[in-house]
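Each chain is listed here by its residues.
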Amino acid sequence: MKKISIILLSALLITTSCINTTPEEVLEYDNFYKGVDDADNAILGLYGQFSELAGQIVVLNELRADLLDVTPNATIDLQEVNVGRPSRNNPWTDVSNFYKVIQTCNDLMHNFDVMLEEGRMIQAEYNERYSDVAALRTWVYFQLGIQFGKVPYITDPVITIADLDKYKANELALDQLVPELIRCMENLPTLENYKVSGLIKQTWDGYSLAPFFINKRSLLGDLYLFNNE
C-alpha cells in the first residue's frame, strides 16, 4: 500500500482550512468550547465524521482479504485494491478522511485540557471525554498503520502548515506505531465507558447511545494481541 507523505497532509490542511463563510458568520475559535454541552456536541460531531470511514475501512480490509471479491462490473479503482496495486488517485486509498478525524481528535483533546485547566470542566467530566476521543484516535491510527505500514504520527492540533514541520521525521512503521498506541491507551485518565456523561442519556430513534462509543478495554486488548503481549 502506498506511503503517506507530509506533503499530502499539507495539501489536506490547506483544503480543509478553506471554508466558504463570511466574517460575520464565523465563530471565534475561543468560543468553541464554553462548557460541557459544547464538548458533548463536539464529540457527537466527531463520531459522525468517524462514521464516514466505514465504507473505506470495509473495502480496504475485506477486499484485500477473503471476505469480499470484485465482479466483472467492478470499477477500476476496486480492481486495483483487489490486486493490491492502487494508483496514486485511487479514492479507496485516500488518507484524507482518516486524518480529518485525527485532526478533530487532536483539537478536542487540546481544548478539553484547556477547559479542565480553566475550570469549565471538572475532572470526572474531563476523564471520560478525553479518554473517549483519545481512544478513537488510537483506533484510526491503528487502521492507518495496518493499511499503509508507515504513517506520520500527529498528536497536536495542526493549525498552520508550519505546525507540520516537527512531524516530518516522525513517521512510524507499524511495529513502532503499535507500542506508541499502547502507551497512549495505558496512560488515559480512564478505561471505563461513559458513566456520568450526559452523552449516554441521549437516544437516537429511541435507542440508547451508550453502545455507540468506543470500548477502550477491547481496543487495548486488540493492541496487546497484535503486539504479542
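So, how was this worked out
- Residues numbered from 1 in each chain as written.
- Predicted model: local features only at pLDDT ≥ 70, side-chain atom pairs only at ≥ 80, totals over all residues.
- Heavy atoms only, no water.
- Helix = DSSP H or I, 4+ residues; strand = E, 2+ residues; numbered from the N terminus.
- Buried < 20%, exposed > 50% of the residue type's maximum accessible area, 1.4 Å probe, protein only.
- Contact = heavy atoms within 4.5 Å.
- Expected span 1.5 Å × (residues − 1).
- Arc of directions from axis to C-beta.
- Polar contact = N/O pair within 3.5 Å; in protein donor to acceptor, adjacent residues only side chain to side chain.
- Salt bridge = Lys/Arg side-chain N within 4 Å of Asp/Glu carboxyl O.
- Phe/Tyr/Trp six-rings, centres within 6.5 Å; stacked < 30°, edge-to-face > 60°.
- Lys NZ or Arg CZ within 6 Å of the ring centre and 35° of its normal.

Here's the deal with the overall build of the chain
Right, on to step 1. If you tally the helices and strands in the chain, you get 8 helices and 4 strands.
Right, on to step 2. For the chain, the α and β elements follow one another from N to C terminus as α-α-α-α-α-α-β-β-α-β-β-α.
Right, on to step 3. When the 229 residues of the chain are sorted by exposure, 41% land in the buried category.
Right, on to step 4. Within the chain, contacts between residues at least 6 apart in sequence are counted, and of these 73% link residues at least 24 apart.

Details of helix H5 (residues 96–117)
Note: α-helices contain 3.6 residues per turn, so residues at a spacing of three or four share the same orientation.
Right, on to step 1. Its 22 residues place the ends of H5 32 Å apart at the C-alpha level, agreeing with the 32 Å of an ideal helix rising 1.5 Å per residue.
Right, on to step 2. Just past H5, the residue Gly119 takes up positive phi, approximately 80 degrees.

Considering helix H8 (residues 216–226)
Right, on to step 1. Listed as buried for H8 are Lys216, Leu219, Leu220 and Leu223. Seen along its axis, H8 keeps its buried residues to an arc of 100 degrees; they face one direction.
Right, on to step 2. The secondary structure elements touched by the buried residues of H8 are helix H6 (123–148) and helix H7 (174–186).
Right, on to step 3. Sitting at the amino-terminal end of H8 is Asn215, which places a side-chain oxygen 3.2 Å from the backbone nitrogen of Arg217.
Right, on to step 4. Phi turns positive, to about 60 degrees, at Asn228, one or two residues after H8.

Digging into the pattern of salt bridges
Right, on to step 1. A complete count under the given rule lists 5 salt bridges for this structure.
Right, on to step 2. Note that Asp40 is salt-bridged to Arg129, the shortest N-O span being 2.7 Å. Remark: Arg129 occurs in helix H6 and Asp40 occurs in helix H2 (residues 36–51); sequence separation between them is 89 residues.
Right, on to step 3. For Arg129, a relative accessible area of 2% gives the class buried.
Right, on to step 4. Among the ionic pairs, Arg183 bridges to Glu180, the shortest N-O distance being 2.7 Å. Residue Arg183 and its partner Glu180 are both found in helix H7; the two are separated by 3 residues, about one turn of the helix.
Right, on to step 5. Here Arg183 falls in the partly exposed class, since its relative accessible area comes to 42%.
Right, on to step 6. With a relative accessible area of 27%, Glu180 lands in the partly exposed category.
Right, on to step 7. A single salt-bridge network, built from bridges that share partners, covers Glu192, Lys195 and Arg217.

Notes on the packing of aromatic side chains
Right, on to step 1. In this structure the tally under the stated criterion is 11 aromatic pairs.
Right, on to step 2. Seen from their ring centres, Tyr194 and Phe213 are 4.9 Å apart, and the 75 degrees between their planes marks the pair as edge-to-face. Within this pair, whereas Tyr194 is found in the loop between H7 and strand E3 (203–204), its partner Phe213 is found in the loop between strand E4 (207–208) and H8, the two being separated by 19 residues in sequence.
Right, on to step 3. Given a relative accessible area of 9%, Tyr194 falls into the buried group.
Right, on to step 4. Through pairs of rings, three or more aromatic residues link up here, namely Tyr47, Phe50, Trp139, Tyr194, Phe212 and Phe213.
Right, on to step 5. The ring of Tyr194 is capped by Lys216, whose NZ or CZ atom sits 6.0 Å from the centre of that ring.

So far we have only geometry, and geometry alone does not tell us how the molecule works.
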